[in-house]
Every structure is written in C-alpha cells, then in structure tokens.
Amino acid sequence: MKRREFLGMAGVTGCGLAFGASAACFGAEKGKSGVTPALGAEDLPTGSAPPPVPCPHFPSRLHAFVWRNWQLVPAERMAAVVGATPAQIMAVGEAMGLGSQPRITRDRMKRFALTVIRRNWHLLPYPQLLELLGWSADELAFALREDDFLFIKLGSLKPRCDRITWEEPAEATRAMERQIAETVRRELGRLDAVHGEDLFGFVAKLSAGGPEAKPSSSGRDLRFCYSYFALYGDPVLDREADPYPEGYLARLAAAGVTGVWLQGVLYKLAAFPWQPALSGGSKERLQNLRRLVARANRHGIKVFLYLNEPRAMPLRFFEDHPALKGVVEGDHAVLCTSVPEVQEYMVRAVSTICEEVPELGGFFTITASENLTNCWSHHHGEGCPRCGRRAPAEVIAEVNGLVARGIRRSGSKARLIAWDWGWNDSWAQEIIRLLPPEASLMSVSEWSLPIERGGVKGDVGEYSISSIGPGPRAKRHWEMARKRGLRAIAKIQAGNTWELSAVPYIPALENVAVHAANLRQAGVDGLMLGWTLGGYPSPNIEVVAECMAGKLPQDAMRTVAERRVGKRLASLLVEAWTAFSKAFSEFPFDTAVLYNGPQQLGPANLLWAQPTGYRSTMTGFPYDDLDGWRGRYPAEVFANQFDKVADGFNNAIARLREKAASVDATRAQMQALEDELRVAEAAAIHFKSAANQARFVASRRALAQATDPAEARRLIDAIEHLVRNEQALARRLYALQRQDSRIGFEAANQYFYVPLDLAEKVLNCRDLLERWLPEERRRRGV
C-alpha cells in the first residue's frame, strides 16, 4: 500500500515508526558476545497509550476476549493467556450461545495472525497478546514495522490495557450471558450451525486443480497481479504458505494473467557484506523462488520481484560503518547510494538473484516512497553530504540503473520496470531522461483525473475503479518515456481498490472495461493489475484481457458473462454490471475516504453511545471519526454519496433477480449467477453501512448539543432507525460471509471481520436500543 501522502496527513514521514534502536529485530544493541539480545514486551511501541474503547454489550472484558477469539484461537491457548482451564473458556463461550468451537488448524492460525492482533489490540496488554499469538517480542516488533505498515494501521499507538484474568462468573454475569445467548438465538440462530464454508475456505478452492490454461485471445502482453491470499512479509521462506499454488496459477492464466509479483528484500536474498547474519536463509529463499518461477512458467506466467531498495539500517549499524551513512530519519539512516560500496552491493545482489533464478521475469522498483531507501526517497536528500549536492532525479535514476547493471552483469533477460510512484512531478522528466535504456516506465493510469461527486470537485490519486483513466499525469509520463524509446506500463486496479477491498472484486465491470479499452487505445505495453489487493481471478481481470485483445467494452463484458453464467443469463448480468458501474461512479473518492473511511469494515464497525476520542487509522480501525472519514466532503454529502452507490447496487440486484427468475437456465448457471450477486450484495451492504455510520455520528453529535425537546426526540428517533438498519445489515452480511469465505478478506489485512464480529454488532445495536436510547429518552423527558 503506497502511502506517502497518507503518512503526511497522519503527521509522520517515511515508514513512520519510532520504535527506538532496539525495536527492529536486527537493530537491537549487541551484547559483548555480538549476539543481538531478545526484546521484551516493554520494548514494544506504545505511542500515547490511551485507554481502550469500551465494550458495554459484554458482561466483562473476559467475555469480549472469548467472543472475539472463538473462531480464531483454540480454547487451550485462550485459557493459558487468562489463567483459566480450557473447560472454563468453553463454558463461557457456550453460555453466550457460541456453541462448539470450530477446528483451528496451524495454517489457519498463521493466516489469522493480523486479524488476531487487531481484535485484541483494545483488550490485551502486550505480554498477553504475545502469549496469545505464540510470538516473541522480536517477532511482533518485526511485524509491526515490516508487515505492510501494521503499526500505522493500528494508529501508531497501543491502548493501555489491563491484564485479563479468569474470574468465576457471578450470578449477575450469568444473567447477562443468558441474555446474550437469547439474542443470538433470536437474531442469528445457532452460531455453530454447519452451512456455507469455513473461513479461508477459498484458499483450498483456488489451490485445487484449476481450469486448463487456454491460449489467451489477448496475446502475451504483460498483465501482472499480486496473490489474493499471500502472507505479507517473507513470502519465499515459508513453503507451507505458498502464495501461488498450482490451481491458483491455472485460474489466473485462464483469466488472462501473464505475470505475478511478490516482495523482495535484497539482504534476504543475497549476501549483505556488512552484517552477514541478515542474509540468513537466503539460499533457501532463492531455491524456493526458483521453484516458484519454474511452476509459474509452466502456466505462461512470469514472476516479478518488487524492490524498494536499499533498505535503511538502524543508526547503531553506522557506528561501525560511518562512511555508508546517508539521510537520517528517526532511528534509521539510509545506505547512501552515492557511496561506491553501496552501489556494488546493490549490483551484486541483483546479479546474484538473476544468476540463481535465471527465468525470473524481472523487477519493478519504487524509488521515492514507502520505506526509507535512497537519500531522496522521502524527498529530503539535502540531509546527506553527498546526495544533497546531487539532483534528486540523478539519484533516483541511478538506483534504477544499479538494478539494470545487476541484470546485465548476470546475463539475464529479466525486465526492469521503474515505477514513477512518489516522484515529484518536477523531477519526472529528468528521471525518465536518465533511466537505463532497457527500462520500462510504469505510471498509475488514473492519477490526477479531475472528478466531481455530489457537487464537490477534486481529483484522483490512485486506487480507483469509480474513475476511468488514463489521466493527464500518466499520459504525460508515458509520452516522455516513448520519446526515449522506453516502453510504457499502466498500473491500474482491475479487481478491487481501497474504495472497497473487503469483497473479492467490485462488480463495476463497465468502468473497468472502458478503462482497459482506453489504455489499449493509448498504446501501453502492459498492465499492473493491482497492488496487494485485487488478485482474485475475477470477471474484472477477464474483461481487461478481452479489451486489451481489441474487443469493445460491451462485447468484452458479454464474452465474460457468457463464460460465467451461460448465454441465456449473460445479457442480464451485463445489464447489472453496467448499472453497478454507473452507481459506483458516485463513490465519494478522496484519499482520506479510501484509507480512513468505514467502508472496509461496513457493519462490522461498532457504534458507540459516546465519542471514542480516537482518530481513524489507515484501513485499520475507523472508530467513529466522521471528520477523519469524509476527506473533502461535507458530512451529509459524504453520506448521500454512499447512499447513491448502495441504492444503485440494490436496485440493479433486484432487477436482475426478478428478470432471471423467468429465464430457463441450468441449476449450475443459476448458482453461478447467485455467486456474482452475493459479491454485489455484500458490496452494497458495506456502502449502505458507511452512510448509516456517518449519519449516526452526525446525529449523536447534534443530540449532544440539542436543547429543544422536539429536536432531541427527532434525533433519537433518527438514531434508533439507523441502529436498527445497521443491525439488519449486520445480520444479512453475517449470513453472506457464512456462505462465502471471500467476503471480509483482503491479503494485506487478512480478515477485516469474521462472522462473530457481525454477530457482535447485533449485540452492540441491541445494547444501544435497550440501554442507551431509553436512557436518553428518560433523561430528556421525550
């Protein structure tokens, strides 16, 4: 997730973490033995450490702990954390109506790690969180820093939580348990009833033998994406967590994908001459990467590595290597790429990778954003005595040149794609002029497109399906590249975006198809189909391949629809996709909305009777931060725009279901149509919930200021209506997620929510309806 502009908004720069020199697992002070001492829980970052948000719909924090971990962590582990027996934990769960605990495998525990961290962030202090995860403090410190900016997603703070310890429930507590169980039974039925599919069930489905890859009508132009379910971090070390199993590769190839990518860190893949221990496991990683490349090649798919290099080192590293030190940021400093030894390290590392993995498809680079890398990567190269005397364009182009030199030295045919993400517009022309001649230039297609939504004007940054590119910035940069003889690559989001990432794809296919047709007309030489989100083998990706082959958008959609639901239902599905696209074009696009808005969690985000005081976090916790959600949009416009999207989706779904009922289609075709509609309905629920939540917070705020009894009564009635609607949305999304394990999932965040979170929202709404709102009516005499 590229987030320089977000980090600037959040008041931090670069990677943004102020851990202190000991917090990175390779950055702690060395003892006399030269071995890095282990961290303790007290060394982990806490930020301002405010009190946690309350959960009054549970009898105690222990009950919240059991509820939130029931589907993710075995009772034995939970019991050890709080000093109970497994039988006691099971008894609490059963008393609340949770039924029998599902089987939780080792693989699921691994895939649930980030989800477990988030749901316990406001419940457990660090020592108990570490015990629950089964991690060391070093492992959690590394995840918080390196796992896709996790600590920033968590708000750059750790709530100050007291230990949770087992206490035998008192009678009043048991009465509340019975009340919860009765609500669960009445609203949702048996929570442990067997139906639908287990969480992560889609992994087995996608991994199983897939369709035979057919020759693509679109030729073999580059169209590459990221794994839909890869574990972020160190993807080529753990062979058990294969990001690209055979069945998934076959499905991607059949959808028209010709490339995949994963993260690469040079010191993990090749020798790091100044601290060799950092390269431990590099041979095994290269061996695993070589196997992956060979498997992917059999499906006609090339593997690319994403490089954001060279990685900064802790300041203590430079006590022994002062000549390598560049720009300082927080407790880290750059390995200055103006230093010949650093240049040779990069060239040799890339050459080693290419020599060991000769069929590697290539590399793409980000050189002015994400992690602190070269001295100008965060736009403050003046802090380096060497790079400060050099133009930013020269340094950034040189980093790409070092990668090219490594490829050349190895004799490899690997491609180099230089991504202009983060480049200052005033630098771009000179960087492009200085890029190595074998490079391709990649630019975000929709960047700087002007838009107007709800009467509010703005422009697009990236991550947009609601806006149809290409935009002026990309076209300008591609033209500069072509004049130099470089190939042009477009980065788009074909499947989904941070507009909504909790569904496997956003079914606004006409927008996607028109965008792809525009890019073909623009003459681009390939497409990056998405960042870490959007890698599901979706109709969106299929329609891109058809349009890049030359089909008109409507013809491409028709082809894909026939492939998915058969000829008799195809025209109805295309009609719905077109309607979804029109509705989605009303999305209130803004960078703040994408990263901070409540649409990723939808009705899984709780409602609070009193302001939490927390700021929303980047695709993490929305809380109740309406002003943080809405970006440039006034609150009412923000809510109205989400309503427009939701209403457009719901109307199209209703029309499609009504018309499809009279079509003589096979059972398999009708089931395929229902699969498409389930995704669309889940998306509509998320959009409607975002509108509800915005109005809830605005009404709660107005109620706190209301002095007129009639106005107070009106506001309480409005809030009650919103809470009941949220409760209904949570019930429906609970049913949908139980049927379809893709819903609520995104690779870099794992599950935003699980079914019990939606069940908790039902309890949360019941608490507001039965406790808070009646109290407000009595207090105000209305």
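Shown above is the structure to which this text applies.
Reading guide: rules and limits
- Residues numbered from 1 in each chain as written.
- Predicted model: local features only at pLDDT ≥ 70, side-chain atom pairs only at ≥ 80, totals over all residues.
- Heavy atoms only, no water.
- Helix = DSSP H or I, 4+ residues; strand = E, 2+ residues; numbered from the N terminus.
- Buried < 20%, exposed > 50% of the residue type's maximum accessible area, 1.4 Å probe, protein only.
- Polar contact = N/O pair within 3.5 Å; in protein donor to acceptor, adjacent residues only side chain to side chain.
- Contact = heavy atoms within 4.5 Å.
- Expected span 1.5 Å × (residues − 1).
- Phe/Tyr/Trp six-rings, centres within 6.5 Å; stacked < 30°, edge-to-face > 60°.
- Pairing = 2+ DSSP bridges.

J.: It is not clear to me how the side chain of Asn605 should be interpreted in this structure. Could you clarify?
T.: Relative to the helices and strands, Asn605 resides in the loop between α24 (591–596) and α25 (626–629). Residue classification places Asn605 among the buried residues on the basis of a relative accessible area of 4%. Here the side chain of Asn605 touches Gln693 through a polar contact of 2.7 Å, side chain to side chain. Apart from the residues lying within four places of it in its own chain, the contact partners of Asn605 are Pro598, Pro622, Tyr623, Trp629, Gln693 and Lys761.

J.: Explanation requested: helix α20 (residues 509–522) in the structure shown.
T.: For an α-helix the count is 3.6 residues per turn, leaving residues at separations of three or four pointing the same way. Its 14 residues give α20 an end-to-end C-alpha distance of 20 Å, which sits within 8% of 20 Å, the value for a rise of 1.5 Å per residue. Turning to α20, its buried residues number three or more, namely Leu509, Asn511, Val512, Ala513, His515, Ala516 and Leu519. Looking at the buried side of α20, the elements it contacts are α19 (472–483), β12 (487–491), β13 (526–528), α21 (539–548), α22 (553–565) and α23 (567–584). Where α20 terminates, the next one or two residues include Gly523, which has phi positive at roughly 80 degrees.

J.: What is the right way to read the packing of aromatic side chains from this model?
T.: Each aromatic ring pair is characterised by the separation of its centres together with the angle its planes make. Here the structure, examined in full by the defined rule, presents 48 aromatic pairs. Summarising the aromatic geometry, the rings of Trp121 and Tyr126 are spaced 5.8 Å apart at their centres and angled 75 degrees between planes, so their arrangement reads as edge-to-face. The residues Trp121 and Tyr126 share a single accessibility class, namely buried. Each ring, one from Phe224 and one from Phe364, has its centre 5.9 Å from the other, and the planes form 55 degrees; the classification is tilted. Taken together, the residues Phe224 in strand β1 (residues 222–226) and Phe364 in strand β7 (residues 362–366) connect sequence positions 140 residues apart. Across this residue pair, the class does not change: Phe224 and Phe364 are buried. The structure contains a cluster of three or more aromatic residues connected by ring pairs, namely Phe112, Phe200, Phe202, Tyr228, Phe229, Tyr244, Tyr248, Tyr505, Tyr536, Phe745 and Tyr751.

J.: How should the sheet that holds strand β4 (residues 313–314) be read in this particular structure?
T.: The pairing of strands in a sheet happens through backbone hydrogen bonds and is either parallel or antiparallel. What the three strands build is an open sheet, ordered β4-β6-β5; its pairing is antiparallel. What marks the edges here is a single partner per strand, and that holds for β4 and β5 (325–329). The pairing of β4 with strand β6 (residues 332–335) spans two bridges and is antiparallel. From the neighbouring strand, Met313 faces β6, where its bridge partner is Ala333.

J.: When you look at the pairing of strand β11 (residues 456–459) in this model, what are you seeing that I'm missing?
T.: Working note: regular strand, side chains alternate between the two faces of the sheet. Sheet analysis places strand β10 (residues 450–453) next to β11, joined by four bridges and oriented antiparallel. What sits directly across from Arg453, in β11, is Val456. In textbook terms, the turn of a hairpin is the stretch between consecutive antiparallel strands, and for β10 and β11 this stretch comprises two residues, one of which, Gly454, has a positive phi near 60 degrees.

J.: Please explain the side chain of Arg68 as it appears in this structure.
T.: Structurally, Arg68 is set in helix α2 (residues 61–69). Look past the residues within four positions of Arg68 in its chain and what remains in contact with it is Cys55, His57, Phe58, Arg119, Leu123, Leu606 and Glu760.

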